[in-house]
Amino acid sequence: MKTKPFLTTEDVKRILAAAEAEAQANAWAVSIAIVDDGGHLLALSRLDGAAPLTAQIAPAKAHSAAMGRRESKAFEDIINQGRVAFLSAPAVQGMLEGGVPILVDGQCIGAVGVSGVKSSDDAAIARAGIAAL
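**Q** Report on the overall build of the chain, specifying residues and quantitative values.
**A** The helix and strand tally for the chain stands at four helices and four strands. Its C-alpha atoms give the chain a radius of gyration of 14 Å, within 12% of the compact-globule value 14 Å for 133 residues. Over its C-alpha atoms, taken along the principal directions, the chain stretches across nearly 45 × 40 × 20 Å. Burial analysis of the chain (133 residues in total) assigns 43% to the buried set. Residue pairs in contact within the chain that sit at least 24 positions apart in sequence constitute 62% of those at least 6 positions apart. About 6900 Å² of surface is accessible on the chain, with carbon and sulfur atoms providing 54% of the total. Here the chain contributes 12 positively and 14 negatively charged side chains, and the mean placements of these two sets differ by 6 Å.

Written out as structure tokens, the structure reads:
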């Protein structure tokens, strides 16, 4: 039987703290979501001033990154390059940049999704959180 790494509660706290620190260092009002490898929500933080909608978008971005095993920007790029039929893909909602998978030894163990600022900055916050592992 094979074994697989997984996110512990402490891992999630560490990722969330680092992502929040990155956002606060730049005075960015965002929501940050962390999901497991199945896209199930493990943590959600809506920082002061973040729009309510960001608390819906961040988990969707994280879910897409975890389920697709790639950054959510890849899905946005597919659509922007003209494959609009991809919008009908089942169970894929957050098809905007800002969802980043957490990869360990080539396996996806979860993802971080961020919403609230420019999409590339959302992704940078997610990567800063993941870097704390």
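**Q** Can you tell me about the pattern of salt bridges, naming the residues and giving the values?
**A** According to the stated counting rule, one finds six salt bridges in the structure shown. Glu71 serves as the salt-bridge partner of Arg127, at 2.9 Å between the closest nitrogen and oxygen. Of this pair, Arg127 sits in helix α4 (residues 119-131) while Glu71 sits in the loop between α2 (54-68) and α3 (73-80); the two residues are 56 residues apart in sequence, bridging distant segments of the chain. The class of Arg127 is partly exposed, set by a relative accessible area of 38%. A relative accessible area of 26% means that Glu71 is categorised as partly exposed.

Criteria and cut-off values
Residues numbered from 1 in each chain as written. Predicted model: local features only at pLDDT ≥ 70, side-chain atom pairs only at ≥ 80, totals over all residues. Heavy atoms only, no water. Helix = DSSP H or I, 4+ residues; strand = E, 2+ residues; numbered from the N terminus. Rg over C-alpha atoms; globule rule 2.2 N^0.38 Å. Buried < 20%, exposed > 50% of the residue type's maximum accessible area, 1.4 Å probe, protein only. Contact = heavy atoms within 4.5 Å. Areas by Shrake-Rupley, 256 points an atom, 1.4 Å probe, with all protein chains shown as cover. Lys, Arg positive; Asp, Glu negative; His and termini not counted. Charge placed at Lys NZ, Arg CZ, Asp CG, Glu CD. Salt bridge = Lys/Arg side-chain N within 4 Å of Asp/Glu carboxyl O.

Geometry only, nothing functional implied.
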